[in-house]
Amino acid sequence: MKELQARIKQDGQVLGKDVLKVDSFLNHQIDPLLMQRMGEEFYQHFREFPITKILTVESSGIAPAVMTGLAFQKPVVFARKHKSLTLKDDLYVADVYSFTKKTANKISVSRKFLSATDHVLIVDDFLANGQAVAGLTDIIKQADAHLEGIGIVIEKTFQKGRQLIDRQHIPIFSLARIKAFENGQVVFEEE
Ligand code: G4P
Ligand code: NA
Ligand code: NA
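By the naming in an unreviewed UniProt entry, the chain is Xanthine phosphoribosyltransferase, taken from Bombilactobacillus mellifer. For the chain, the Subunit (unreviewed entry) comment in UniProt is given as "Homodimer." Its UniProt record, at the heading Sequence similarities (unreviewed entry), says of the chain: "Belongs to the purine/pyrimidine phosphoribosyltransferase family. Xpt subfamily."

Written as structure tokens, this is what we have:
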């Protein structure tokens, strides 16, 4: 998505060797018109899929996920994060380890909001090591629901997440694909 690439070039800040800060439009302040156009892009890509539900994780996945749900006119469910969780039988629970933050979290979704009749599109803001997607995939399996595809706002192709998803042959579509950070500059994969 050209507009997103331009916005990343203009407002993104490269931190260290593998982190992109996009606080001004995605992760802290949110640009709703850009989010809306991103939701439309995901819709155009996945419109032939029989999507019944959009699934993401709080908090930064919610904005692009809601706009995607708006485009599909389908509900959006976000998994909640917990530091720890004693077993609750009304929840699907999965583990997510963050390499970036060096923290282990559990994520959960109420059994009320995901079931075997659902065809799910996962939407998230970043794909790095793929742990959030892996946790959501686990939850979809527990619900016996169908994972139809994955929509990612910003993918870092030099980290492990993409391989993990490709190995399972899940359709994935990323709006911006970053190949590398060079001298503090973002280098995109060819479109
Ligand atoms: P993974 O899910 O792909 O394995 O991601 P990882 O553990 O590496 O990242 C943990 C958190 O950091 C996630 O947010 C993820 O979206 C975010 N993240 C990963 N790479 C980048 C990056 O280059 N820039 C930014 N801004 N964020 C990145 P989270 O902990 O779920 O936090 P939240 O913002 O959704 O609350
Ligand atoms: Na994030
Ligand atoms: Na996220």
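Q: Which parts of the structure should I look at to understand the coordination of the sodium ion (ligand 3)?
A: Coordination sphere of the sodium ion (ligand 3), protein contribution only: Asp 124 (OD) and Asp 125 (OD), at 2.3 to 2.7 Å. In this structure the sodium ion (ligand 2) is found 3.7 Å away from the sodium ion (ligand 3), and Asp 125 serves as a bridging donor for the pair. The exposure classification of Asp 124 matches that of Asp 125, with both residues buried.

Q: Honestly, the sheet that holds strand β10 (residues 185–188) in this entry has me stumped. Any pointers?
A: Backbone-to-backbone hydrogen bonds pair the strands of a sheet. The strands run either parallel or antiparallel. Read from one edge of the open sheet, eight strands run β5-β6-β4-β3-β7-β8-β9-β10, paired in mixed fashion. Every interior strand has two partners, whereas the edge strands, β5 (91–98) and β10, have only one. Strand-to-strand twist across the sheet, computed as the mean angle between neighbouring axes with direction ignored, equals 30°. Relative to β10, strand β9 (residues 172–182) runs antiparallel, the two sharing four bridges. Note on β10: the bridge partner recorded for Phe 181 is Val 186. With respect to the sheet, helix α1 (residues 2–11) is in contact with β8 (146–156), β9 and β10, its orientation differing from that of β10 by roughly 160°.

Q: Sorry if this is basic, but what is going on with the nonpolar core here?
A: What tends to happen in soluble globular proteins is that the nonpolar side chains get buried as a cluster. In this structure, Leu 4, Ile 8, Leu 20, Leu 26, Met 38, Ile 154 and Val 186 are the most contacted members of the largest nonpolar core, which totals 29 residues. Among the elements of the structure, α1, α2 (23–27), α3 (32–46), α4 (62–72), β7 (119–127), β8, β9 and β10 are those that each provide at least two residues to this core. When residues of this core are assigned to their parent elements, the largest contribution, five residues, is made by α3. Residues in contact with Ile 8, not counting those within four places in the same chain, are Leu 20, Phe 25, Ile 154, Ala 176, Val 186 and Phe 188. Core analysis: the next-biggest nonpolar cluster, separate from the first, contains 24 residues, Leu 127, Leu 136, Ala 143 and Ala 145 among them.

Q: Any chance you could explain the pairing of β10 here in plain terms?
A: Taken residue by residue, a regular strand's side chains alternate between the two faces of the sheet. Side chains Val 186 and Phe 188 project from β10 onto a buried face, and the interleaved Gln 185 and Val 187 project onto a face without burial. With antiparallel pairing between neighbouring strands as the criterion, β9 and β10 make up a hairpin whose turn holds two residues, including Asn 183 at a positive phi of roughly 50°.

Q: Please explain the layout of surface pockets as it appears in this structure.
A: Rolled over the atoms, a probe sized like a water molecule indicates the empty space that remains. A volume near 890 Å³ is recorded for the largest pocket. Looking at the largest pocket, it is lined by 34 residues, and the ones nearest its centre are Ser 98, Thr 100, Lys 101, Asp 125 and Phe 126. Residue assignment for the lining of the largest pocket shows that the elements contributing at least two residues are β2 (19–21), α2, β5, β6 (103–110), β7 and α5 (131–142). With four residues, the top contributor of residues to the lining of the largest pocket is β7. Split into classes, the residues belonging to the lining of the largest pocket amount to 14 nonpolar, 11 polar and nine charged. Looking at the second largest pocket, its volume works out to about 180 Å³. Around the second largest pocket, the lining residues are Val 76, Val 77, Phe 78, Arg 80, His 82, Leu 91, Ser 108, Val 109, Ser 110 and Phe 113. Contributions of two or more residues to the lining of the second largest pocket are made by β4 (76–82) and β6. The element that contributes the greatest number of residues to the lining of the second largest pocket is β4, accounting for five residues. When its residues are assigned to classes, the lining of the second largest pocket shows six nonpolar, three polar and one charged.

The rules behind the values
Sequence order sets the numbering: in each chain, residues are counted from 1 along the sequence as written. By the order in which they are written, chains take letters starting at A while ligands take numbers starting at 1. Only residues with pLDDT of at least 70 are given local features in this predicted model, and only at 80 or more are side-chain atom pairs given and counted; all residues enter the totals for whole chains, interfaces and linings. Hydrogen atoms and water are omitted, and side-chain values are computed over all heavy atoms in the structure. UniProt positions are given in the numbering used here, feature names are shortened, and annotations may be inferred rather than shown by experiment. Coordinating donors are taken to be N, O and S atoms lying within 2.8 Å of the metal, or within 3.2 Å when the metal is Na, K or Ca; because water is excluded from the atom set, some sites may appear incomplete. Residue burial is assigned from relative accessible area. The probe radius is 1.4 Å, only protein chains are included, and a residue is buried under 20% of its type maximum, exposed over 50%, and partly exposed in between. Strand pairing is assigned whenever DSSP identifies at least 2 bridges connecting the two strands. Think of it this way: any DSSP run of H or I at least four residues long counts as a helix, any run of E at least two long counts as a strand, and we number them from the N terminus. The axes used here are C-alpha line fits, helices contributing only the stretch in contact, and every angle between their N-to-C directions lies in the interval 0 to 180 degrees. For this analysis, residues touch if any pair of their heavy atoms sits within 4.5 Å. Take the buried residues of types Ala, Val, Leu, Ile, Met, Phe, Trp, Tyr and Cys, join any two whose side-chain atoms come within 4.5 Å, and each joined set is a nonpolar core. Residues are said to line a cavity or pocket when one of their atoms sits within 4 Å of a point; the points come from a 1 Å grid over protein atoms alone, cavities being sets where a 1.4 Å probe fits but cannot get out and pockets being open sets with protein on both sides within 12 Å along at least five of seven lines. Grid points are joined across faces, edges and corners, and a volume is the space filled by probe spheres set on the points. Classification used: nonpolar for Ala, Val, Leu, Ile, Met, Phe, Trp, Tyr, Cys and Pro, charged for Asp, Glu, Lys and Arg, polar for all others including Gly.

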